[in-house]
Amino acid sequence: ADEYIAFAVDGAKRMQILINDLLAFSRVGRSGREPAPVDLAEVASAAEASLSTALREAGARVEVADLPVIEGERALLVSVFQNLIANAVKFRGSDPPVVRIGCTRGDGEWRLSCEDNGIGVEPEYAERIFVIFQRLHTRERYEGTGIGLAMCRKIVEYHGGRISLDPTFHQGARFCFTLPIAKETTT
């Protein structure tokens, strides 16, 4: 009886996490808030702070390059960085995780990257990983709902950008995404 109760409690907890993730996914872009200036360096710092326990337990290091200020929704952008950093820790190899967040300026857009030294993703799964509920590993091996990268894609596209896996990177995984350069106002 105790074993069946434990199964039911575990299932209920997983269902609650799934429902919360689905609600967050469905709310992307529905806040009605006007885009505001968002400092991506502060966003990366907030994401890192929210994952501080997992980072410390994994012996992970996060290196962040100079990041720009863009127009957008801060909470959604924190979610993108949080998901990418959390995945780097979750899908780590035998070495302590190292996450590098970089940025370059392109033609009308910022080109950001988040790379790690983890187990990586085979190039044939480069699109599949962004589809909601698509998992490459069993839940027993790696926890999660299969919503994180789909959420990242939805948020980045909501902000006018695009996100992809770099299939040429083989020392782990490198996610590349773009965000529009904020329109400069003159006073």
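To be clear, the structure that these remarks concern was listed above.
It should be emphasised that the depicted structure is a prediction, and the values quoted were computed from it without experimental measurement.

Each value, and the rule that gives it
Residues numbered from 1 in each chain as written. Predicted model: local features only at pLDDT ≥ 70, side-chain atom pairs only at ≥ 80, totals over all residues. Heavy atoms only, no water. Salt bridge = Lys/Arg side-chain N within 4 Å of Asp/Glu carboxyl O. Helix = DSSP H or I, 4+ residues; strand = E, 2+ residues; numbered from the N terminus. Buried < 20%, exposed > 50% of the residue type's maximum accessible area, 1.4 Å probe, protein only. Arc of directions from axis to C-beta. Polar contact = N/O pair within 3.5 Å; in protein donor to acceptor, adjacent residues only side chain to side chain. Contact = heavy atoms within 4.5 Å.

Asks: Sorry, what's going on with the pattern of salt bridges here?
Replies: Enumeration over the complete set of coordinates arrives at 8 salt bridges. Between Glu109 and Arg162 there is a salt bridge; the shortest N-O distance is 3.0 Å. Of the two residues, Glu109 sits in strand β5 (residues 109–116) while Arg162 sits in the loop between α5 (148–158) and β6 (163–165), which places them 53 residues apart along the sequence. Taking the relative accessible area as the measure of exposure, Arg162 reaches 48% and is therefore partly exposed.

Asks: Would you take a moment to explain helix α2 (residues 40–50) for this structure?
Replies: An α-helical turn contains 3.6 residues, so any two residues separated by three or four positions project in the same direction. Residues Leu40, Val43, Ala44, Ala46 and Ala47 constitute the buried set of α2. Projected onto a plane normal to the axis of α2, the buried residues spread over an arc of 160 degrees and lie on a single side. One side-chain oxygen of the residue at the start of α2 lies 2.9 Å from the amide nitrogen of Ala41, identifying that residue as Asp39.

Asks: Would you explain the environment of His159 in this entry?
Replies: Relative to the assigned elements, His159 resides in the loop between α5 and β6. Residues His159 and Ile70, 89 residues apart in the sequence, show an inter-C-alpha distance of 9.7 Å. Setting aside chain neighbours within four positions, we find His159 in contact with Glu71, Gly72, Glu73, Leu76, Leu77, Leu179 and Pro180.

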